[in-house]
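Residues per chain, in single letters:
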2 protein chains.
Amino acid sequence: MHTKNGNTDPAVNAENAAGVLSSLPPETRCKALENIAEGLLRRKDEIFEANAGDMSAASESGLEAPLLKRLLFDGSKLNDCVGGIRALISMPDPVGRTLRRTELSPGLILSRVSCPIGVIGVIFESRPDALVQISSLCVKSGNACVLKGGSEAARTNSALFKVITDSARGILPDGWMGLVETRAGVDELLKRDDCVDLIIPRGSNAFVRHVMDNTRIPVMGHADGICHIYVDARANMEMAVDVCIDSKCQYPAACNAVETVLVHRDAAPKFLPPFKQALDARGAHMRGCPRTSEITACEPAGDADWDTEYLSPVVSVKIVDSIDEAVNHINKHGSHHTDAIVTDDDSAAEEFLSRVDSADVFRNCSTRFADGFRFGLGAEVGISTSKIHARGPVGIDGLLTYKWILRGSGQTVAPFASGQESFTHREMPLP
Amino acid sequence: MHTKNGNTDPAVNAENAAGVLSSLPPETRCKALENIAEGLLRRKDEIFEANAGDMSAASESGLEAPLLKRLLFDGSKLNDCVGGIRALISMPDPVGRTLRRTELSPGLILSRVSCPIGVIGVIFESRPDALVQISSLCVKSGNACVLKGGSEAARTNSALFKVITDSARGILPDGWMGLVETRAGVDELLKRDDCVDLIIPRGSNAFVRHVMDNTRIPVMGHADGICHIYVDARANMEMAVDVCIDSKCQYPAACNAVETVLVHRDAAPKFLPPFKQALDARGAHMRGCPRTSEITACEPAGDADWDTEYLSPVVSVKIVDSIDEAVNHINKHGSHHTDAIVTDDDSAAEEFLSRVDSADVFRNCSTRFADGFRFGLGAEVGISTSKIHARGPVGIDGLLTYKWILRGSGQTVAPFASGQESFTHREMPLP
């Protein structure tokens, strides 16, 4: 469909391309990125026109203002995209790095070398700039990709896809990037565990869960973001209020916003009244456990509240008797995403950081710092709540794996098995 | 069943224990290992008696000699197990290591710290010593585990389980190790994606495939081991014969034994006759493509041979016209496990090592080197052909993940979002 080699399944085309992509030299991948950046600038009118079509269709269908803002692809977003691509070009090459080198025996040298994963399937939300970011991350890391964007952005995505693949033609192998344009196409993609090595779903919780339940391909991402802050008995109360307000109100729809604040019983009388006052001042709501409502007027929290990601200016509050109760609540009700403690007590802090089983565990700062850019990882591939491969905010490293390369001069195992020869296992300096 | 807290599901008990295990200090985990080593030595008669029961039942049922040898748990195997545990005790602690440290802003320090994965499910073959090795690797790495061994070894496994859990009682949390004793128990285990973080299946291809097809839990392992050697036009022929013979005959039932030898057409007349002669001398069989049989007498290879793991002294041979054809054959028919090239040509070697998409890619040495012990990784958890998390031979590192710990002094995101403050993202030395 999108390639010249006659196969209409983008996953198959991507797999064919991946074998070539993985051994292209860094200069070739950077040249492709430079051409893509230039192509986007040169053909911007084509892209803006397609986006105008999406925007007017979306307005007519009554899409809400924040979503319209995400859908818009204008000069400013284009410049951000091109800036992002040029930043990737100037980054050191992540492929082919020797991560470890060991002499197994004289003349038999083992290296662990970074390499692309292969074919990455990414299903993303309405922002068309995500298509540019993800495809350029894949080029930099030597991966082929199959992308599916939000249907509201179909015209823009199609134009961006055309410009990007045209710009890289003759430099990258045909099929290196595939575009899926229907929901049926997504279901097909999820079945291609023979071609696709990793699926990164970004979007609503329900959608991510659907993906996780309907594929044998490894999935990197997070469904829920139920984050907690525990205000310890020995918290600085002013800091606790500031951190909780920032974590909830700075951007309530984010996955790293706090949903439940757990308050030690000794801190509750000092913490809750100013916290409630600060929430009121920002038009945010508090739902509390019975003990909370004895201290400050609030809506009652039901059992379901402890398992709810509000994605809105609502926070649930529970009074706990100990740090142990707080940790157990978090490990039971949380989504292993980001959880924080506010305390001046070093040993309570270390206990919390060690025992909470989450990708990100924070002391005395906002949960909103859980983000690839803020962590200094560069472009963010996503946030993972799975426990293997990559955890928490994932940068370009999450798109890489490694292979073991062993270079010898005719060695066989037999003399080592018989004890005639023995291994040296000497760690060697990296090249 | 095996624990005091009343829950009969070992996966649930293991999950409860994992939260405690992950924050035990290294000394406590080492103390548990020391007690386990002492317990095994002290109660060896109990274990040997159980093993005698398994051995006589297995002899009566006509189990073959090599399997009987694997089933035997005698003084020598006990000493190996205890030696392995003491080696683990003296290894540096792998948990809580700071892998990276970044200042995000003055006083806001991000650390990436190694931590246990949580609950590991391991389903292993008939060797009872595997139970000791796996459980002690889990103790060292702070993971809880649920184990299922081969049914032939049920009595021995039950005795080892009892001795190990008795020895660690009061040091490790109850439920840290669970034993599943029925096939139905395995099916239950595979359903517990709410409790179990990683499944490591070891055993027959059919079984591993069954596991991969019947669980949502991430699986680390390999189903097939279809390994190749490509004898290049510029191979040293004597070396090529040695490496191929070792790769096939040193232990034909291993997953890293070679199944298919691909021979460049220019090398075939010089390579095939001595290779056939060496196979004959070892009672091994060659199945060849039509061009192969023009050069040397052999059984004909059918299409199915290129996708077959013989696990026996049989090797298939195919003549190819180019390195490109060899690489494509391997990427299509191989199992991404271990593939080797024999050549004196550096650029052909580097092309092969870069383009073959396998966990282990070797030049001028036997495929049989693909092994955790031979790689110097210490105890081997397994060999992974998946492309994420861990690839190839996996040591104790494969049982670890990481968490991001952010320590601040009240920082909120708002001033960074408004541009009032900016990130420093300064890499810091490791502690």
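Residues numbered from 1 in each chain as written. Chains lettered and ligands numbered in written order. Predicted model: local features only at pLDDT ≥ 70, side-chain atom pairs only at ≥ 80, totals over all residues. Heavy atoms only, no water.

Asks: Which residues make up the overall build of chain A, and what values do they have?
Replies: Helix and strand content of chain A: 15 helices and 17 strands. Taken over the C-alpha atoms alone, chain A extends approximately 75 × 70 × 35 Å along its principal axes. Counting every position in chain A, which comprises 431 residues, the buried fraction comes to 59%. Nonlocal contacts in chain A, meaning residues at least 24 apart in sequence, comprise 71% of its contacts between residues at least 6 apart. When the accessible surface of chain A is totalled, it reaches about 16400 Å², and 51% of it is carbon and sulfur. Mean positive and mean negative side-chain charge positions of chain A (45 and 57 charges, respectively) differ by 4 Å. (Helix = DSSP H or I, 4+ residues; strand = E, 2+ residues; numbered from the N terminus. Buried < 20%, exposed > 50% of the residue type's maximum accessible area, 1.4 Å probe, protein only. Contact = heavy atoms within 4.5 Å. Areas by Shrake-Rupley, 256 points an atom, 1.4 Å probe, with all protein chains shown as cover. Lys, Arg positive; Asp, Glu negative; His and termini not counted. Charge placed at Lys NZ, Arg CZ, Asp CG, Glu CD.)

Asks: Explain the interface of chain A and chain B to me, and be specific about the residues and the numbers.
Replies: If you look at the interface, chain A gives 66 residues, while chain B gives 66 residues. Overall, the association of chain A and chain B removes approximately 5700 Å² of surface from exposure, summing both partners, and the carbon and sulfur fraction of that is 57%. If you look at where chain A meets chain B, you find six salt bridges. The residue B:Asp197 makes a salt bridge to A:Lys387 at a minimum N-O spacing of 3.5 Å. At the junction of chain A with chain B, the criterion picks out 45 residue pairs in polar contact (both at pLDDT 80 or more). With 11 residues, the top contributor of residues to the side of chain A that touches chain B is strand S16 (residues 400-411) of chain A. Residue composition of the side of chain A that touches chain B, by class: 32 nonpolar, 18 polar and 16 charged. Alignment of S16(A) against strand S13 (residues 360-365) of chain B, held across five bridges, turns out to be parallel. Directly across from A:Ile405, in S13(B), lies its bridge partner B:Val361. (Buried area = accessible area lost by both parts, 1.4 Å probe. Salt bridge = Lys/Arg side-chain N within 4 Å of Asp/Glu carboxyl O. Polar contact = N/O pair within 3.5 Å; in protein donor to acceptor, adjacent residues only side chain to side chain. Nonpolar A, V, L, I, M, F, W, Y, C, P; charged D, E, K, R; others polar. Pairing = 2+ DSSP bridges.)

Asks: Let's hear about helix H13 (residues 323-333) of chain B: which residues, and what values?
Replies: Residues B:Ile323, B:Ala326, B:Val327, B:His329, B:Ile330 and B:His333 constitute the buried set of H13(B). For H13(B), the angular spread of buried residues about the axis comes to 160°, placing them on one side. (Arc of directions from axis to C-beta.)

Asks: I'd like a description of the packing of helix H2 (residues 26-42) of chain B against helix H6 (residues 129-141) of chain B, backed by residues and values.
Replies: Helix-helix packing: each pair is described by the crossing angle between the helix axes and the interaxial distance. All names here are of chain B. For the pair H2 and H6, interaxial distance at closest approach is 9 Å and the crossing angle is 160°. Considering their axes alone, H2 and H6 lie roughly antiparallel with respect to each other. Packed against H2, whose contacting residues are Arg 29, Cys 30, Ala 32, Leu 33 and Leu 40, the element H6 presents Val 132, Ser 136, Val 139 and Lys 140 at the interface. (Axes fitted to C-alpha atoms, helices over the stretch in contact; angles between N-to-C directions. Parallel < 35°, antiparallel > 145°, perpendicular 65-115°, else oblique.)

Asks: Account for the confidence of the model for chain A, naming residues and giving values.
Replies: Residue and element names in this part refer to chain A. For chain A, the mean per-residue pLDDT works out to 94, and 98% of the residues sit at or above 70. Throughout residues 1-5 the model reports pLDDT below 50, and contacts reaching past four residues in sequence, or to other chains, amount to 13 contacts. Here the predicted complex scores 0.91 on pTM and 0.92 on ipTM. (pLDDT = per-residue confidence, 0-100.)

Asks: Can you lay out the relation of the copies chain A and chain B for me, pointing to particular residues and giving the numbers?
Replies: The two copies are related by a screw motion: chain A maps onto chain B through a turn of 180° and a shift of 0.0 Å along the axis, at an RMSD of 0.0 Å. The superposition operator between the copies reduces to a two-fold rotation axis. In terms of proximity to the rotation axis, the leading residue of chain A is A:His389, whose C-alpha is 1.8 Å off the axis. Same-surface contact between copies: 100% of interface residues of chain A are shared with the interface of chain B. (Least-squares fit on C-alpha atoms with pLDDT ≥ 70 in both.)

Asks: Give a description of empty space enclosed by the protein that names residues and reports values.
Replies: Residue and element names in this part refer to chain A. A full pass over the atoms with the stated rule returns five cavities of 30 Å³ or more. Its volume calculated, the largest cavity comes out at about 80 Å³. Together, Lys 148, Gly 149, Gly 150, Ser 151, Ala 154, Asn 157, Leu 179, Val 180 and Glu 181 line the largest cavity. (1 Å grid on protein atoms, 1.4 Å probe; cavity = no way out; pocket = protein on both sides within 12 Å on 5 of 7 lines; lining within 4 Å. Points joined across faces, edges and corners; volume = space filled by probe spheres on them.)

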